[in-house]
Amino acid sequence: MEHPLLLKQTSTATAETKQRGLKRFFRLLWKQRALVLMSVPFVLWLFLFRYVPLWGWIISFQDYQLGKGLWEQEWVGFKQFEALFSEPRFWRALRNTIVMSFINLVLGFTTAITLALLLNELRQMVFKRVVQTISYLPHFISWVVAAGIIQVTLAPDGIVNELLLRLGLIKDELLFLGIGEWFWGIYGASIVWKDVGWNAIIYLAAIAMIDPALYEAAEMDGASRFRKMWHVTLPGIRPVIVVLLILNIGYLLESGFEPQFLLGNGMNMRYSENIDIFVLKYGIQLFNFSLAVAAGMFRTVVSVILIVAANSIARRLNETRLY
Amino acid sequence: MGDRVFETCNYLALTLLMVVTLYPFLNTLAVSFNDAQDSIRGGIYLWPRKWTLENYKFVFEEASILNATLISVLRTVIGTVLTVFCSAMVAYTISRPEYVLRKFVTIAFILTLYVNGGLIPNYLLIRELNLIGTFWVYILPGLIGAFNLIIIRSFIENLPDNILEASKIDGAGDFRTFFDIVLPLCTPVLATVSLFTGVWQWNSWFDVFLYNSSYEHLSTLQYELQKVLSFSNASIQRVDFNAAAAQGGIGQVTPYAIRATMTIVASVPIIMVYPFLQRYFVQGMMIGGVKE
């Protein structure tokens with residue numbers, strides 16, 4: 001057993017080193033004042049614009065009224081969450097969010113991978129470059145412009161209706177955006193149209209890193225091009241696919257906002273309204289801030305859990321990590 | 001034999017993809033140059049039937065749209081310059097291994113990738129800060145993104161060590177090193193970040209909708225287009241077209257034609273620049289996507 005006096009001595013010693021460490025820290029900080037000056041103001045900016053709003057979450061435990069300060073509000077405990085979870089519209093928004101994320105995930109992955117595989121098979125380099133350049137285009141335009149174009153295309157006298165009429169598949173023009181059940185399909189087609197070219201880039205890069213010797217070996221075995229694609233290229237990019245897939249599962253509750261909001265309307269609301277729109281409608285339009293924050297907070301908390309879990313799984317499977 | 005079939009199908013599939021991607025743009029372009037009354041009859045595909053510049057004239061004679069164009073340009077230029085400069089500066093500090101606050105600053109920024117207060121708390125903060133109804137609401141909230149920071153930092157870290165060392169030995173302080181050496185050497189990555197930021201600024205409309213929808217002098221092109229879109233949700237009811245035209249007293253020009261014209265106006269700057277700059281975009285995507 002140690003002597004009590006000795007123990008005291010060591011503890012003052014650590015306190016002393018701590019103090020000395022602190023002194024050293026401040027001396028270093030002074031020496032690096034240029035770096036401090038270049039970064040600390042932006043950290044303050046960061047705290048104001050990114051961390052202070054987190055305090056706003058306490059609104060979800062209040063009955064928030066505009067015009068009163070944050071601390072003068074009435075505290076109501078978990079009442080808002082109870083109201084939220086007994087609100088059918090919230091569950092519908094949650095369903096829509098998850099379904100559309102899932103569509104995004106499945107459709108987005110398969111189309112981007114397919115496009116990368118097809119582009120990789122092209123021998124005509126000029127054609128390849130033209131296809132790529134054109135396929136990136138929709139990625140760079142805003143969702144507002146995209147929504148405008150999609151509305152024109154799907155309009156009663158738009159090209160889609162006209163094609164279907166001419167092919168005799170329909171008798172009357174269809175109001176595509178007015179049929180709620182079709183919204184998910186339109187959403188899926190829209191996101192593929194907008195981002196398939198862009199999403200293929202990462203797979204093309206992964207394909208470029210596959211060892212050419214593997215193709216030569218397959219050729220010696222008499223593999224056709226299709227078989228090479230299936231047995232060499234696809235397994236070659238599997239690690240990238242797996243990592244991206246897992247990371248994207250982390251964003252399950254973040255199915256985006258713009259396409260749903262811009263293509264949504266009263267007639268397809270039952271299928272287009274996701275959590276983001278729910279928050280916007282309750283918060284900004286109906287002034288029910290507390291309920292809206294409760295919904296937003298629920299989403300963020302679930303998202304963070306999913307993202308952290310997805311990240312750690314991806315890291316364990318592979319050394320590649322997004323950040 | 002099978003290879004040739006495969007090859008043909010491949011070319012066909014990719015050609016189809018190009019057609020599907022481009023057709024809507026070209027169709028919108030054709031409608032924007034076609035006589036508005038004539039367009040209602042339908043049947044405009046890739047080429048205008050009755051050429052006119054009336055739609056463009058109408059759009060640009062509207063004072064609010066001219067002003068919105070100016071605000072769009074301003075937010076794109078000012079926002080991009082400030083974002084790139086500030087991001088580069090912070091990225092430089094967190095690339096210095098000796099910096100005592102390096103870990104703290106890095107983590108503070110990276111955490112924001114995972115958590116944010118969400119729509120309502122952000123809205124209330126902007127309100128408290130009296131930023132509603134100001135131009136700065138377009139610039140300040142999104143000034144530095146963690147993603148840009150990571151891209152620039154990894155670029156600086158991959159610069160040859162001895163360049164920065166030599167500048168230190170020459171007695172240059174961090175400010176001098178940053179301005180005279182790091183900034184010029186970072187041109188490629190800063191070009192990439194500028195492009196992403198510029199496109200993002202140009203395309204933004206939600207902040208206008210949320211904060212400045214009752215301040216007409218601060219409206220942007222994208223928001224004006226969004227208003228036109230929600231005003232004449234034409235895919236729902238065709239009757240709306242004519243009703244809206246009559247209501248707005250628009251006369252010769254229809255909401256349908258206005259929408260097509262504004263869609264072109266709002267996207268032309270990007271369509272013009274991106275083919276020349278796509279190399280930088282792709283580079284940026286690669287640096288950000290596959291690290292380590």
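Quick caveat, the model's predicted, so the values are computed rather than measured. (Residues numbered from 1 in each chain as written. Chains lettered and ligands numbered in written order. Predicted model: local features only at pLDDT ≥ 70, side-chain atom pairs only at ≥ 80, totals over all residues.)

Right, let's talk about helix H1 (residues 2-32) of chain B for a bit. Spanning 31 residues, H1(B) covers 45 Å between terminal C-alpha atoms, matching the ideal 45 Å at 1.5 Å per step. Of all the bends found along H1(B), the most pronounced is centred on Leu22(B) and spans about 35 degrees, while Pro24(B), a proline, follows it within four residues. (Helix = DSSP H or I, 4+ residues; strand = E, 2+ residues; numbered from the N terminus. Expected span 1.5 Å × (residues − 1). Bend = angle between axes of the 7 residues up to and from the residue.)

Between chain B and chain A, the residue contacts involve 79 residues of the former and 75 residues of the latter. Counting only elements with at least two residues in the side of chain B that touches chain A, the list comes to H1, helix H4 (63-93), helix H5 (102-111), helix H6 (119-128), helix H9 (174-185), helix H10 (187-203), helix H12 (221-231) and helix H14 (255-289) of chain B. The element contributing the most residues to the side of chain B that touches chain A is H1(B), with 16 residues. Among the residues making up the side of chain B that touches chain A, the classes are represented as 51 nonpolar, 22 polar and 6 charged. (Contact = placed C-beta atoms within 7 Å. Nonpolar A, V, L, I, M, F, W, Y, C, P; charged D, E, K, R; others polar.)

What follows covers the domain arrangement of chain A. Residues and elements named next belong to chain A. Per the domain assignment, the segments of chain A are domain 1 (4-80) and domain 2 (81-317). Centre-to-centre separation of domain 1 and domain 2, based on C-alpha positions: 39 Å. Listed per partner, the contact involves 11 residues of domain 1 and 11 residues of domain 2. For the side of domain 1 that touches domain 2, the secondary structure elements donating two or more residues are strand S1 (62-63) and helix H3 (79-85). Grouping the constituent residues of the side of domain 1 that touches domain 2 by class yields 5 nonpolar, 4 polar and 2 charged. (Domains from an automatic or database assignment.)

Residue and element names in this part refer to chain B. When pLDDT is averaged across chain B, the result is 85; 89% of the residues are at 70 or more. Within chain B, H4 carries the highest mean pLDDT (95), whereas helix H13 (residues 239-248) carries the lowest (46). The low-confidence segment residues 233-250 (pLDDT under 50) makes 32 contacts with residues lying over four places distant or belonging to another chain. For this predicted complex, the interface score ipTM comes out at 0.85, while the overall pTM is 0.86. (pLDDT = per-residue confidence, 0-100.)

All names here are of chain A. Running from N to C, helix H11 (residues 238-249) and helix H15 (residues 289-317) cross one another at 165 degrees; their axes reach a closest spacing of 7 Å. Regarding the angle of H11 to H15, the classification is roughly antiparallel. Here the hand of the crossing between H11 and H15 comes out right-handed. Between H11 and H15, the contacting residues are Val242, Val243, Ile246, Leu247 and Ile249 on the first element and Leu306, Ala310, Asn311, Ile313, Ala314 and Leu317 on the second. Along the lines of polarity and charge, the residues of the contact of H11 with H15 split into 10 nonpolar, 1 polar and no charged. (Axes fitted to C-alpha atoms, helices over the stretch in contact; angles between N-to-C directions. Parallel < 35°, antiparallel > 145°, perpendicular 65-115°, else oblique. Left-handed = near helix turned anticlockwise from the far one by under 90°.)

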